[in-house]
Amino acid sequence: NVSAAGVNEEEAFFVACSAGDYLVKVYSPTGQANSSYTLTPGVTTTSPQSCADGANGAATEAGVVTPGVYRDVLCPGRWDYWRVNGVAAGKTISVDLAFDNACGNIDVRLYGPAGSNPPGTKVAESAQTTGDSESLQYAVPANGAGDYIIGVKWGSGAGTLGASAYNFTVAVTP
């Protein structure tokens, strides 16, 4: 991200599954040498209490997302919901979820146009029991244009921590 002052600002987000020492590697993807930077690490505690805000915890409160990359923390016993508005027939919705399976298994579902009954009908799901990712794709049929809801939930073997961080990428393609 580039700030108003023209400074390149990057941010990283990580939730540790256990206490310990962690390293941060800073590098230039273009191999540029002699770049100066300031690193400002921060540590916060994620606990069930910090999950009490309830944001995106119900399909009716789904946060709106457009194609892009997002991150969030899945709290114990909860779902996170995200809405992709106005998807046209003939488009393909893709959702890629990345997380640390050692912290707990997370699954993703896609629900079709909900009308007045969110989240609607489940149209796609990815629920692998191992690995650090889930992916799904759904081709919107001729009669399926509308708003779609992404549901992120704990899967089987759902970890021992109070919360688990995840990143997700949403794409809508022709």
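Presented here is an overview of the structure given in this document.

**Let's talk about the nonpolar core**
In step 1: Core analysis: the biggest nonpolar cluster contains 23 residues, and L97, I106, L110, I150, V152 and Y166 have the highest contact counts within it.
In step 2: Contributing elements (two or more residues each) for this core: β3 (79-87), β4 (92-99), β5 (106-111), β7 (133-139), β8 (146-154) and β9 (164-173).
In step 3: In this structure, L97 is in contact with I106, D107, V108, D132, S133, E134, V152, Y166, N167 and F168, ignoring residues within four places of it in sequence.
In step 4: Counting residues in each nonpolar core, the second largest holds five residues, with A59, Y81, Y111 and I149 among its members.

**What to know about the pairing of β8**
In step 1: Taking burial as the measure, the nine residues of β8 include eight buried ones, the bulk of the element.
In step 2: Looking at chain direction, β3 and β8 are connected through seven bridges and run antiparallel. Paired with R83 across the strands is I149, a residue of β8.
In step 3: Pairing of β5 with β8, which is carried by six bridges, proceeds in the antiparallel orientation. Counterpart to L110 in the pairing with β8 is I150.

**Focus: the packing of aromatic side chains**
How two aromatic rings sit relative to each other is given by the distance of their centres and the angle of their planes.
In step 1: Scanning the model with the defined rule gives five aromatic pairs in all.
In step 2: Ring plane angle 40° and centroid distance 5.3 Å describe the contact between W82 and F168, whose orientation is recorded as tilted. Residue W82 is located in strand β3, and its partner F168 is located in strand β9; the two are separated by 86 residues in the primary sequence. Of the two residues examined, W82 and F168, each falls in the buried class.
In step 3: Aromatic ring contacts, followed pair by pair, group Y70, W82, Y166 and F168 into a single cluster.

**Description of the side chain of R83**
In step 1: Note on placement: R83 falls in strand β3.
In step 2: When its relative accessible area of 18% is taken as the criterion, R83 is described as buried.
In step 3: Apart from the residues lying within four places of it in its own chain, the contact partners of R83 are A59, A62, G63, V64, V65, D147, Y148 and I149.

**Overview of the sheet that holds β5**
In step 1: Reading across the sheet, the five strands line up as β1-β3-β8-β5-β6 and stay open at both edges, with mixed pairing between neighbours. The sheet terminates laterally at β1 (63-64) and β6 (122-126), the two strands that pair on one side only.
In step 2: For β1 and β3, the ladder comprises two bridges, and the chain directions are parallel. Within β3, the position partnered with V64 by the bridge is R83.

**Things to note about a nonpolar patch on the surface**
In step 1: On the surface, a cluster of nonpolar side chains totalling about 430 Å² of accessible area is made up of V24, V26, Y37 and L39.
In step 2: Following the sequence through the fold, Y37 ends up in the segment before β1.
In step 3: We classify Y37 as exposed; its relative accessible area is 54%.

**Some points on the pattern of salt bridges**
In step 1: Scanning the entire structure with this criterion turns up five salt bridges.
In step 2: D80 is the salt-bridge partner of R78, the closest N and O atoms lying 3.4 Å from each other. Taken as a pair, R78 and D80 share a single burial class, namely buried.
In step 3: Here D147 ties to R83 by a salt bridge, and the two come within 4.0 Å at their closest N and O atoms. Separated by 64 residues along the polypeptide, D147 in strand β8 and R83 in strand β3 bring together distant segments of the chain.
In step 4: The partly exposed category is assigned to D147, whose relative accessible area is 30%.
In step 5: One connected set of salt bridges, linked through shared partners, spans R109, K122 and E125.

**Some words on the sheet that holds β7**
In step 1: Strand order in the open sheet made by the four strands is β2-β9-β4-β7, with antiparallel pairing throughout. A single partner strand is all that each edge strand has here, and the edge strands are β2 (68-74) and β7. If you compare each strand with its neighbour and ignore which way they point, the axes differ by 20° on average.
In step 2: Pairing geometry for β4 and β7, over seven bridges, is antiparallel. In the sheet register, V95 faces β7, and the bridge partner there is L136.

Cut-offs applied
Residues numbered from 1 in each chain as written. Predicted model: local features only at pLDDT ≥ 70, side-chain atom pairs only at ≥ 80, totals over all residues. Heavy atoms only, no water. Core = buried A, V, L, I, M, F, W, Y, C linked by side-chain atoms within 4.5 Å. Buried < 20%, exposed > 50% of the residue type's maximum accessible area, 1.4 Å probe, protein only. Helix = DSSP H or I, 4+ residues; strand = E, 2+ residues; numbered from the N terminus. Contact = heavy atoms within 4.5 Å. Pairing = 2+ DSSP bridges. Phe/Tyr/Trp six-rings, centres within 6.5 Å; stacked < 30°, edge-to-face > 60°. Patch = residues over 30% accessible without salt bridge, like charges linked within 9 Å, V, L, I, M, F, W, Y side chains within 5 Å. Areas by Shrake-Rupley, 256 points an atom, 1.4 Å probe, with all protein chains shown as cover. Salt bridge = Lys/Arg side-chain N within 4 Å of Asp/Glu carboxyl O. Axes fitted to C-alpha atoms, helices over the stretch in contact; angles between N-to-C directions.

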